[in-house]
Structures are given as structure tokens and as C-alpha cells.
Amino acid sequence: MMGFELRKHRLQFLLAALLPLTGVGSAQVPGTLRWRSPAPGAVHSSPAIAPDGTIYFGTAGYVICAVGIDGRTRWSYGTDGPVNASPAIGEDGTVYVGSYDHYFYALHPDGSLKWRYQADGIIHSSAAIAEDGTIYFGSDDWHLYALYPDGSLRWRFRTDDRVRSSPAVAEDGTIYFGSNDGYLYALRPNGRMDWRYKALTWEEASPALAADGTIYIGSRDGNLYAIHPDGTLRWKFQTGGQIVTSPAVFTDGKVTFASLDGYLYQLHESGLERWRYQVGTSRSSPALVGDGTVYIGSDNGRIYAVSFSGTRLWEYATGGAVNSSPAVGSDGTVFVGSSDSYHYAIHGQGWLSGTPWPKFRHDSRNTGRLGTPPPGSLAWRFNANGIIYSSPALALDGTVYVATDNLSLYAVGPDGRQKWRFSPGSGFRSSPAVATDGTVYVGSLAGVLHARNPSDGSHKWRYETDGEIHSSPAVAADGTVYVGSHDYHLYALAPDGTLNWRYQTGRQVISSPAIGTDGTVYVGSSDQYLHAVNPNGTLQWQYRTGGPIHSSPAIGTDGTVYVGSYDRNLYAINPNGTLRWQYRTGGPIHSSPAIGTDGTVYIGGLDRSLYAVRQDGTLAWQFESGGNIYSAPAIAADGAICFGSYDDWFYVLNPDGTERWRAPVTTRARSSPAIGTDGTVYIGSDDGYLYAIRGDSPLADSPWPKFRHDNQNTGRVGGGGGLADRPDCTGLRPALSLSAGPDPFRSRVELRYALSAIQEVSLRVYDITGRPVRKLVAGVQAPGVHTVTWDGTSDRQEPLPPGIYLCRLEAGNRAGTQRLVKIR
């Protein structure tokens with residue numbers, strides 16, 4: 001009879017999966033239904049999301065399901081027992097999950113069986129996947145298992161009771177998990193016990209890990225425990241009910257978790273309560289998004305969204321208890337299962353947070369492994385309260401400057417927090433530029449060019465033109481500032497704000513000027529001309545296109561000037577003002593070009609396409625996005641091309657024009673990206689947010705890698721700066737890759753770099769003023785990958801204060817810089 005009922009349930013599920021899905025096409029308002037998909041039984045399993053958007057989850061109806069991003073079932077795989085564990089996805093797409101039938105399954109992405117391993121008890125524990133591919137899971141047979149990727153047993157470790165806790169893997173490979181025998185265990189990758197810590201019982205509670213190695217885990221005794229990596233107690237916090245779920249951990253050590261006393265808690269790193277919010281009895285683990293919002297399910301059938309300050313943002317009611325823990329898709333959709341035999345997709349607030357442990361099983365693939373968040377994940381976003389046309393500028397200390405259409409220029413720290421704000425009473429469409437002395441220049445819609453002090457945003461000087469300023473200022477090597485205005489003029493101002501000269505064009509100057517190696521200033525105008533102006537303000541030459549020029553010029557190594565026009569052409573103009581070639585696109589060009597290391601020119605069009613044009617003017621490739629491209633591309637050191645689109649996505653393409661990854665920006669992005677030394681990409685959006693998105697690689701060392709040439713937006717060949725500008729680090733050199741992790745760090749940070757040959761190497765740490773504080777390497781090193789650990793101390797072995805530090809690597813004629821953030 002049981003088998004008949006099960007087959008009947010599966011048949012009903014398969015028939016229901018063919019029906020139209022409820023909620024498809026609903027408005028994209030947070031907390032509203034996107035779709036719901038029928039499942040063959042209650043869904044207690046928490047979803048795993050593959051890179052292609054496929055959602056995997058288990059059901060109490062003895063089935064593992066794969067659902068597409070449209071909510072339609074792709075396949076289902078039947079087991080002989082309930083699947084309450086949550087799937088984990090390997091690097092090759094293999095789906096791993098255990099069942100109450102005592103089997104642990106490995107399925108191919110198409111739903112076919114790869115292998116299965118039989119344990120001696122039911123498997124409620126969700127798997128963790130180590131960096132080397134080892135799979136860990138617990139069983140009611142009292143063991144934690146370690147399997148090789150081929151499904152063979154590596155080892156198993158016996159406890160004194162069932163293991164329903166899901167293991168967590170630290171960066172050093174240590175495996176943490178709880179057992180019903182009351183111990184939290186720490187095992188080495190070889191299966192030997194490092195230590196164990198005793199409480200009442202861990203039951204189903206699973207550990208979460210912080211960047212400093214702290215292990216957070218709840219207990220049936222009602223306490224949340226914070227355990228040092230050596231197995232000693234850091235602190236514990238008492239709630240009024242049992243804790244059977246996993247916490248989520250913020251970058252600064254704050255921790256959020258639910259208790260069966262009906263409250264969602266958030267604690268400070270010290271263990272003191274920050275706030276609590278009543279959500280009802282909850283067996284769901286929280287998930288964090290970039291703005292600090294917490295999602296959690298409840299036995300009352302609701303999904304709650306709670307703000308960073310502990311207030312309700314929205315809630316959504318399902319038809320049954322929500323024991324499933326939420327997952328967050330790449331477009332911000334919240335995925336969660338319910339006991340009503342449906343899987344839900346709900347419009348959300350934003351991306352999964354890039355904190356050390358933002359959700360149950362750590363990440364979207366449910367690896368259960370602490371590690372560097374993947375490219376495309378959100379580091380943070382800053383609410384600038386207005387449409388951002390402006391493209392961000394990055395100062396040497398990591399400060400991000402961005403201006404908005406609603407009257408404000410912001411200085412934002414590397415952690416995403418506001419340092420200061422300047423509001424002159426008019427909006428901005430001009431992008432800020434940062435001079436060598438740190439002065440921040442930006443033009444306003446009131447026609448004023450502002451010069452602000454970098455420390456506090458205070459007034460330095462201002463210069464009034466007779467028209468709106470959309471043009472972004474350029475800063476010459478001698479400090480002269482060039483900017484265009486709607487009053488038909490290009491202005492040249494001395495560093496003290498006095499007028500050197502002004503040059504008249506035939507129409508508004510929206511294009512931003514570019515400065516060549518000889519000091520020639522190139523700027524486009526709505527009069528259809530590209531103007532080449534001598535440093536003294538006289539005309540050198542002008543070239544007429546067939547439409548207004550809002551695009552800003554880029555300059556190649558041979559002096560060729562590239563610029564787009566509303567006549568749909570990308571132009572390559574020789575240094576003497578003659579045409580080298582022109583390439584016809586499918587729509588007007590507002591975007592500005594970027595030039596790769598091989599001379600390829602990249603530019604976006606209002607035909608929704610990004611173009612890659614070779615040095616000879618022939619097309620290398622064309623990539624079509626879902627919206628017009630106003631954003632100018634930025635090129636990373638590994639050749640990736642980054643840009644925003646009006647289709648609400650930020651794209652990263654491979655050098656061959658194929659898509660590498662994309663990230664949502666909620667509303668269309670006309671801002672152009674900047675790329676930090678650690679690979680973080682900064683871009684503004686029409687939704688009023690400045691986004692910091694984790695990237696793959698720093699800015700390229702190419703002739704013109706981004707809008708305004710460099711991260712300081714100087715708009716000149718040879719502009720920008722780094723530690724090479726410091727007195728003790730003279731000379732600009734080709735880029736050398738240097739990476740660090742974790743970052744931010746508290747006590748230790750690992751620096752990693754590669755050498756291609758035997759070389760003299762210098763690796764030093766500087767404070768934000770450029771003062772050297774620690775010498776890490778000085779001498780000859782062999783080729784290969786090198787790793788150096790800095791413990792945050794000075795050359796005298798004295799602890800250095802929290803703050804921003806710059807690590808400088810020099811090897812042969814190459815150099816690289818990495819920003820480091822030390823926190824308390």
C-alpha cells in the first residue's frame with residue numbers, strides 16, 4: 001500500500017509539473033511571488049543553485065528534484081526514502097545528497113546516477129565538499145564519512161551517537177561537526193581528531209565559520225556557542241529555546257540565528273545581543289544579502305525579510321511550515337521549500353552577501369566550505385539615494401568617490417561605509433577625478449566645477465561656467481584641470497582654480513577630455529567634431545563625424561585617438577587628425593572606448609551590443625546584451641571585459657567575447673566600472689546604489705583600460721597612481737599579480753604571487769601615508785608560486801592598529817600592489 005501511495009504521489013507531481021506555474025510574470029516587488037513549483041512531498045531540504053541557475057532540492061516524497069530558473073521541473077530522481085538533506089554541487093556539476101534509505105547519491109547534472117554509497121544508517125546530514133573534492137557527511141550510524149570524488153571510502157570517524165549535524169570545512173581543511181553525543185568535533189583532513197568540545201547535545205545544529213576561525217554552533221541547551229579554533233570557549237549566549245539550525249556570520253563577526261523560542265537573534269562579535277525579532281518557531285537557517293537583510297522561514301508557513309536593524313521588511317505566506325533554509329539566486333530571487341509540497345521563488349532585495357558564512361551550507365552550491373567568495377558575488381552596496389550616471393573614482397587609500405543625480409558627491413570607504421558627503425544643491429552627471437595630491441574634482445548640473453579636500457570633503461575652490469557640466473574633468477601631469485560645459489566651451493583651470501583659457505566649440509561639450517603624452521587635449525562636441533586642442537588653448541585640428549560626439553576619446557600607444565559618434569561609427573583618428581579607419585555599428589554610440597593590451601578597442605552601442613574591434617578596424621566579435629549600453633567597458637589584467645547594461649545586469653566577458661559571468665544591479669547601469677587592485681569592481685546604477693562586486697583580476701596595464709583611463713579618472717595617458725608614486729617606490733612598472741586572503745583580516749593574512757623566473761624580489765607593507773611598516777621578503781627567489789603570511793605586526797613585531805595597508809611586490813621590472821584591510 002505504501003508503494004502504491006508513493007507511486008501515486010509521484011505521478012501527481014509529474015502531471016502538476018506540466019501545468020502553468022503560479023505567479024510567473026508578477027511584478028518584481030520584494031516579497032512577491034515569482035513562481036512556485038510543485039514537489040512530490042514536503043520540502044524540508046534547502047536548495048542548492050548551480051552556476052547555470054538550476055535549483056536542486058530533496059523532498060519527503062523520496063525524490064531529488066532539478067528545477068529550471070523558470071520554475072519548470074527539468075528532472076527528478078527517485079530514492080527509497082525521504083530526502084531531507086540539502087544537496088551540494090561539486091565543481092564539475094555533480095549533485096551530492098543523502099537519503100533516509102541509507103544511501104548517499106552522486107548524480108550527473110542531467111539527473112542520471114554517477115554512483116551511490118551505502119552507509120549503515122539514515123542520512124539526514126547535508127554534505128560538505130572540500131577543496132580537493134573530498135565529500136563529508138554524517139549518518140545516524142554514528143559516523144562521519146569522507147568519500148573520494150569517485151564514491152570510494154576515504155575514511156570514516158565514529159562518534160558516540162548519531163550525526164545529523166552537517167559538517168563545515170575551514171580554509172585549512174579542518175572539518176567541524178556536531179554529534180548527538182554532545183560533542184563538537186574538529187577533525188583533520190586525514191580523519192584524526194584534533195579536539196572536541198562538550199555541550200548538552202548538538203543534534204541537528206550545524207556549525208558556521210567566521211573569517212578569524214571562530215566556530216559558531218547552537219545547541220539543544222538553548223545556547224549559541226562561539227568556539228575558538230583551538231577548541232576553547234570564546235563565549236555562549238543563552239536563548240529561551242533549543243537551537244537546531246545553523247547561524248549566518250557577518251564580515252565584522254556579527255552573527256544571526258534562530259531559536260525555537262520564536263525569535264531571530266543578531267549578536268555582536270562579543271556575544272552581546274544587538275536585536276531580536278519574533279518570527280515564530282523556526283527550524284530554518286537564515287540567509288544574508290548584501291545590504292544586511294536577513295531571510296528566514298518559520299513553522300507558521302512564512303518567509304520573513306528582516307532588515308539589518310532588526311525591523312520587518314516583508315513576509316510571504318506559503319501553505320505549510322517552512323523548515324527549508326532560503327537560498328539566493330544570482331538575480332536576487334529567494335528560493336525556499338515548504339511543507340505544502342511546493343518550492344517557491346520570491347522576488348528579493350539583492351545578492352547573497354559576501355560575508356564569511358552568509359547562509360546554511362555557506363554558499364549557493366551548498367559546499368559547506370569556508371573560502372573566498374566567488375567572482376560576481378556582492379562585496380557590499382552603498383545607498384547613494386539617487387540615480388548614478390557618474391562613474392566611480394578610486395583614490396590610492398581605497399576611498400571610492402561617486403556622484404549622484406540627486407545633489408550629492410560621496411566618499412565611501414573600502415568597507416562600503418560613508419566617509420563624507422558633499423551636497424551643493426545641484427545634481428551631478430560628471431564623474432569625479434582624483435589629482436596626485438588627493439584633491440577631488442567634479443562638475444555639477446549648476447555649471448560649477450568643484451575642488452574638494454579628500455579628508456573631509458571641505459571646500460577648496462569652485463569655478464562657475466555658463467552651462468551644465470556633464471563632462472568629467474581630466475587632470476594633467478602639471479595639475480591643470482580640463483572640463484567641458486554645455487556653454488560650448490572646454491575650460492583649462494590652474495590647480496588653484498584660476499582660468500588659464502577656454503576654447504569654444506560649436507555646441508555643448510558632453511564628452512570628457514583626454515590628454516595625450518604631448519599635452520594635446522582631445523574632446524568631442526555635439527557639433528559633431530572631435531577637437532584636438534594644444535596645451536595653450538589653440539586649435540591643432542578637428543575631425544568631423546556624422547553625428548554628435550558624447551563619447552569620450554581614448555588614446556592608443558601610437559597616439560591614435562578612438563572615439564564613438566551618434567552616427568553609429570567608431571572612429572580611429574591619426575595623431576595628425578586624418579582618418580585611419582571607421583567601423584560601423586548597429587546603433588548610436590554614447591559609450592566610450594577602452595583599449596586592450598593587444599590594441600583591441602572595446603565599445604558599447606545603443607543597439608545593445610558590445611563590440612571588439614581589431615587595430616586594423618575589423619570586427620573581432622560582437623556580444624549582444626539585453627539592453628542599450630551607455631556604460632564604457634573596463635578591462636581586467638586577465639583580459640576580461642566588464643560593463644553595465646540597460647537590461648539591469650553587469651557583465652564580465654572573456655577575451656573571446658563569451659560570457660564569463662554576470663551580476664544583477666537591480667536597475668539599468670549607465671555608470672562605467674572601475675576595478676580595484678584586489679579585483680573588486682565598482683559600478684553605479686539607476687537604483688541609487690553603488691555596487692562593489694568581487695571580480696577576477698585587477699585593472700589591466702593597457703594603453704587605455706577604462707573610462708577616464710585609470711581608477712583616479714585622470715583622463716590622461718600615464719595618469720593614475722599607486723605605490724610607485726611614493727618617494728621610496730619610484731618608477732611605473734608593468735603589473736605583477738599579487739593576491740591576499742582573508743581580506744579584511746584580523747590577525748593573519750596570506751599573500752600569494754607567482755614568478756616566471758629566478759628574480760630579485762621585494763615584498764613590503766606600507767601604511768596609508770606611504771610609510772613602510774614591514775619588510776616581508778627581500779632577496780632572490782626561484783620561479784613558481786610563493787606564499788607569505790603577514791601577522792599584522794611591524795618590523796619591530798609590534799601589533800599595528802586596524803586600518804588600510806598597502807602591500808607592494810616588486811620582481812625584476814614588474815610590480816604589483818594589494819590593498820589590505822586590518823579589522824579589530
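Residues numbered from 1 in each chain as written. Predicted model: local features only at pLDDT ≥ 70, side-chain atom pairs only at ≥ 80, totals over all residues. Heavy atoms only, no water.

Colleague: Where do I start with the nonpolar core in this structure?
Modeller: Soluble globular proteins tend to bury their nonpolar side chains together. Counting residues in each nonpolar core, the largest one holds 29 residues, and the members touching the most others are W195, L209 and W235. Taken together, the elements giving at least two residues each to this core come down to strand 16 (183-187), strand 17 (193-198), strand 18 (208-209), strand 19 (215-218), strand 20 (223-227), strand 21 (233-238), strand 23 (255-258) and strand 24 (263-267). Take this core: its biggest share by element is four residues, from strand 20. Setting aside chain neighbours within four positions, we find W235 in contact with Y216, L224, Y225, A226, V255, L267, H268, E269, S270 and G271. (Core = buried A, V, L, I, M, F, W, Y, C linked by side-chain atoms within 4.5 Å. Buried < 20%, exposed > 50% of the residue type's maximum accessible area, 1.4 Å probe, protein only. Helix = DSSP H or I, 4+ residues; strand = E, 2+ residues; numbered from the N terminus. Contact = heavy atoms within 4.5 Å.)

Colleague: Even after reading the chapter, I still don't get unusual backbone geometry, so can you show me in this structure?
Modeller: Negative phi characterises most residues that are not glycine, and trans characterises most peptide bonds. Omega for the peptide link from G741 to P742 comes to -5°, which places this bond in the cis form. In this structure, P742 sits in the loop between strand 65 (738-741) and strand 66 (749-755). Positive phi is not limited to glycine here, since H102 has a value of about 80°. Here H102 shows up in the loop between strand 7 (95-98) and strand 8 (103-107).

Colleague: Can you walk me through the sheet that holds strand 38 (residues 433-434) in this structure?
Modeller: Sheet strands pair by backbone hydrogen bonding; their relative direction is either parallel or antiparallel. Pairing is antiparallel in the open sheet, where four strands are placed in the order 38-39-40-41. Both outer strands of the open sheet, strand 38 and strand 41 (459-464), are each paired with one neighbouring strand and no more. (Pairing = 2+ DSSP bridges.)

Colleague: Help me understand the sheet that holds strand 58 (residues 634-635) in this model?
Modeller: Taking strand neighbours across the sheet as the criterion, the four strands line up as 58-59-60-61 in an open arrangement whose pairing is antiparallel. Of all the strands in the sheet, just strand 58 and strand 61 (659-664) have a single pairing partner and so form its edges. Judged from the four bridges that link them, strand 59 (residues 641-644) and strand 60 (residues 649-653) form a sheet pairing that is antiparallel. Looking at strand 60, one finds that F643 is bridged to Y651.

Colleague: Whenever I open this one, the packing of aromatic side chains confuses me. Can you help?
Modeller: The geometry of an aromatic ring pair is captured by two quantities: the separation of the ring centres and the angle between the planes. Scanning the model with the defined rule gives 47 aromatic pairs in all. Centroid distance F104 to W115: 6.2 Å. Interplanar angle 35°. Geometry classified as tilted. Pair noted here: F104 is in strand 8 and W115 is in strand 9 (residues 113-118), with a separation of eleven residues, a long-range link. The same class applies to F104 and to W115, which are both buried. Taking the centre distance of 5.7 Å and the plane angle of 45° together, the rings of Y441 and W461 count as tilted. Remark: W461 occurs in strand 41 and Y441 occurs in strand 39 (residues 440-443); sequence separation between them is 20 residues. The buried category is assigned to Y441, whose relative accessible area is 3%. (Phe/Tyr/Trp six-rings, centres within 6.5 Å; stacked < 30°, edge-to-face > 60°.)

Colleague: What should I look at first to understand the side chain of T159 in this one?
Modeller: Relative to the helices and strands, T159 resides in the loop between strand 13 (153-158) and strand 14 (168-169). Since its relative accessible area comes to 1%, T159 is described here as buried. Here the side chain of T159 touches D161 through a polar contact of 2.6 Å, landing on its backbone oxygen. Side-chain polar atoms of T159 contact the side chain of S179, separated by 3.1 Å. Discounting residues that sit within four places of it in the chain, T159 has contacts with W142, F177, S179, D181 and Y185. (Polar contact = N/O pair within 3.5 Å; in protein donor to acceptor, adjacent residues only side chain to side chain.)

Colleague: Help me understand a negative patch on the surface in this model?
Modeller: Taken together, the side chains of E131, E171, D172 and E750 make up a negatively charged region of the molecular surface. Mapping D172 onto the fold places it in the loop between strand 14 and strand 15 (175-178). Exposure remark for D172: the relative accessible area of 58% places this residue in the exposed category. (Patch = residues over 30% accessible without salt bridge, like charges linked within 9 Å, V, L, I, M, F, W, Y side chains within 5 Å. Areas by Shrake-Rupley, 256 points an atom, 1.4 Å probe, with all protein chains shown as cover. Salt bridge = Lys/Arg side-chain N within 4 Å of Asp/Glu carboxyl O. Lys, Arg positive; Asp, Glu negative; His and termini not counted. Charge placed at Lys NZ, Arg CZ, Asp CG, Glu CD.)

Colleague: Mind showing me how you'd approach the pattern of salt bridges here?
Modeller: It is possible for side chains of opposite charge to pair when their charged atoms get near one another. Under the counting rule described, the total for this entry stands at 28 salt bridges. Between D212 and R234 there is a salt bridge, with its nearest N and O atoms 3.6 Å apart. With D212 in the loop between strand 18 and strand 19 and R234 in strand 21, this pair connects stretches of sequence that are 22 residues apart. E269 serves as the salt-bridge partner of R234, at 3.3 Å between the closest nitrogen and oxygen. Here R234 is found in strand 21, whereas its partner E269 is found in the loop between strand 24 and strand 25 (273-278), with 35 residues between them in sequence.

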